[in-house]
Structure formats: structure tokens, C-alpha cells
Amino acid sequence: QVQLVESGGGWVQPGSSLRLSCAASGGPFSSYGMGWFRQAPGKEREFVADISGSGDGTGYSYSAEGRFTISRDNAKNTVYLQMNSLKPEDTAVYYCAAGRTYGLFDYWGQGTQVTVSS
């Protein structure tokens, strides 16, 4: 049983930056790939970014690539999402997830709210 706790969300103006964190416990952190997803009001949950257990491989959605950076610190059991040049359409609840199988995430955090508006 892996527990994930997101933090770092908030209400910011367009063009601002935020860094989300996800602290993991209850499992071998470096054995898990990690991902970030988001869900906006009235929208389906969508993939944002993911990272391999070692941190050597990353992937991004089209909307995130070039603005967002996913990283991890296995010594701290933490994954990060650095978000720059935020836009109103980035407004959503952001969730981190963990999984041992490629393309499958078995564990989910509770989410953290990101609101981008003037």
C-alpha cells in the first residue's frame, strides 16, 4: 500500500510559476514510475507528465511540454512538477500517481488545486 500526498498548489496569475510536490510512503519508491495528472471542472482526467523509477526517462503531454518539468528525488521519496508560464487552461486539480507497470498507475494521491486567473 503506497500513500501519496500532493502539496504546492495555489491561486496564481497567468504567467506565474508553481512547483508541486508529491511525498510517497509505504513502498519502494525507486521501483515505481511516477506520473502527474489533472482534472479541470467539467473535464475528463488527463495525463500531464511521467517519469521512470530511476529518473532517466520522462514524458509530457503536448500542452505541458516546454513549460512543465517533472523530476524526482529518490532519497526524499518525492516527485516534483515545476510549472512555468501558467495559463488559465492549466486550472485543475493535480494528482500524482505511482505504478510498477508501464502505462498503469495503481496508487493515487488526494490532489492539490491549481487555479490560474487574474
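Preceding block: the structure.
Residues numbered from 1 in each chain as written. Predicted model: local features only at pLDDT ≥ 70, side-chain atom pairs only at ≥ 80, totals over all residues. Heavy atoms only, no water.

Participant: Mind laying out the environment of W11, listing which residues take part and the relevant values?
Facilitator: When you line up the elements, W11 lands in strand β2 (residues 10-12). Through-space distance from the C-alpha of W11 to that of S63 is 20 Å; in sequence the pair is 52 residues apart. Once residues within four sequence positions are removed from consideration, W11 is found in contact with T115 and S117. Within the structure, the side chain of W11 is placed 2.8 Å from the side chain of S117, a separation counted as a polar contact. (Helix = DSSP H or I, 4+ residues; strand = E, 2+ residues; numbered from the N terminus. Contact = heavy atoms within 4.5 Å. Polar contact = N/O pair within 3.5 Å; in protein donor to acceptor, adjacent residues only side chain to side chain.)

Participant: With reference to specific residues and values, describe the packing of aromatic side chains.
Facilitator: Counted under the stated rule, the structure contains five aromatic pairs. Aromatic side chains Y32 and Y107 sit 6.0 Å apart centroid to centroid with 75 degrees between the ring planes, which places their arrangement in the edge-to-face category. Of this pair, Y32 sits in the loop between β3 (18-25) and β4 (33-39) while Y107 sits in strand β10 (residues 107-108), placing them 75 residues apart in sequence. For Y107, a relative accessible area of 22% puts it in the partly exposed group. Relative to F47, the ring of F37 has its centre 5.7 Å away and its plane inclined at 75 degrees; by these criteria the two rings are edge-to-face. (Phe/Tyr/Trp six-rings, centres within 6.5 Å; stacked < 30°, edge-to-face > 60°. Buried < 20%, exposed > 50% of the residue type's maximum accessible area, 1.4 Å probe, protein only.)

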